[in-house]
Amino acid sequence: RVRLDGVGRESHHPELARPLMEAIGRDRLIESFSPFLEEALAFGATLWVAASDWVAFACMDWLAAKGLRVPEDIAIVGCGNLLYDKFLKIPLTSVDQQTVAIGQKAGTLALQLIEAGEPVPPQRVLLEPKLIVRQSTQRHSDRFPRAAIA
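Residues numbered from 1 in each chain as written. Predicted model: local features only at pLDDT ≥ 70, side-chain atom pairs only at ≥ 80, totals over all residues. Heavy atoms only, no water.

Peer 1: An account of a nonpolar patch on the surface is requested, with residue identities and associated values reported.
Peer 2: Side chains of Ile-102, Val-125 and Leu-127 sit close together on the surface and give an oily, nonpolar patch of about 210 Å² of accessible area. With respect to the helices and strands, the residue Leu-127 is situated in the loop between helix 5 (99-116) and strand 4 (130-132). Since its relative accessible area comes to 32%, Leu-127 is described here as partly exposed. (Patch = residues over 30% accessible without salt bridge, like charges linked within 9 Å, V, L, I, M, F, W, Y side chains within 5 Å. Areas by Shrake-Rupley, 256 points an atom, 1.4 Å probe, with all protein chains shown as cover. Salt bridge = Lys/Arg side-chain N within 4 Å of Asp/Glu carboxyl O. Helix = DSSP H or I, 4+ residues; strand = E, 2+ residues; numbered from the N terminus. Buried < 20%, exposed > 50% of the residue type's maximum accessible area, 1.4 Å probe, protein only.)

Peer 1: Pulling in residues and values, what's your account of the side chain of Ser-94?
Peer 2: In this fold, Ser-94 is placed in strand 3 (residues 93-96). Owing to a relative accessible area of 0%, Ser-94 belongs among the buried residues under this scheme. A polar contact is formed between the side chain of Ser-94 and the side chain of Asp-53, at a distance of 2.7 Å. At 2.7 Å, the side chain of Ser-94 forms a polar contact with the backbone nitrogen of Asn-81. Once residues within four sequence positions are removed from consideration, Ser-94 is found in contact with Asp-53, Val-77, Gly-78, Cys-79, Gly-80, Asn-81, Asp-85, Lys-130, Leu-131, Ile-132 and Arg-134. (Polar contact = N/O pair within 3.5 Å; in protein donor to acceptor, adjacent residues only side chain to side chain. Contact = heavy atoms within 4.5 Å.)

Peer 1: Can you lay out helix 4 (residues 53-65) for me, pointing to particular residues and giving the numbers?
Peer 2: Taking 1.5 Å per residue, 13 residues should reach 18 Å; helix 4 reaches 18 Å between its end C-alpha atoms and fits that length. Most of helix 4 is tucked away, with ten of its 13 residues classed as buried. Buried within helix 4 are the following residues: Asp-53, Val-55, Ala-56, Phe-57, Ala-58, Cys-59, Met-60, Asp-61, Trp-62 and Leu-63. Positioned one or two residues after helix 4, Gly-67 has a phi angle of 80 degrees, which is positive. (Expected span 1.5 Å × (residues − 1).)

Peer 1: Would you mind going over the pattern of salt bridges in detail, with residue names and values included?
Peer 2: Side-chain pairs of opposite charge can arise where the charged atoms are in close proximity. For the structure shown, the criterion picks out two salt bridges. Between Lys-66 and Glu-38 there is a salt bridge; the shortest N-O distance is 2.8 Å. Within this pair, whereas Lys-66 is found in the loop between helix 4 and strand 2 (75-79), its partner Glu-38 is found in helix 3 (residues 26-43), the two being separated by 28 residues in sequence. What makes Lys-66 partly exposed here is its relative accessible area of 42%. When the shortest N-O distance is used, the salt bridge between Asp-73 and Arg-69 registers 3.3 Å.

Set out below in structure tokens:
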């Protein structure tokens with residue numbers, strides 16, 4: 001519960017942060033990743049790449065509880081580029097997987113399939129992800145980062 005309260009204070013918009021953190025079961029997420037995070041610290045990883053923005057948020061909380069700072073001690077990258085990433089006290093660098101473009105393209109292809117009235121050949125569609133750089137990776141250090149993937 002204390003950790004959830006801290007998340008609200010760390011956000012520029014605490015009224016958004018609390019319901020989001022409760023919805024994903026933040027404590028369970030942190031608990032499940034804790035052994036890996038301990039291992040990443042022991043390894044000396046200074047750049048953590050999380051499988052999702054949610055996991056990155058949990059990593060940021062976990063590091064704060066350990067007295068470590070983002071990005072000074074550990075730089076963090078998430079995946080998803082969620083709308084509120086930029087509103088955190090330390091805005092999260094994230095990989096934008098272009099979910100809006102994916103939905104638009106899927107809708108267009110579905111309409112083409114309906115209008116064709118018969119099977120159409122498969123299409124290969126490639127949408128390039130974009131790295132949205134924010135404060136969570138803006139380090140002022142000469143150290144070369146050692147990466148860990150969560």
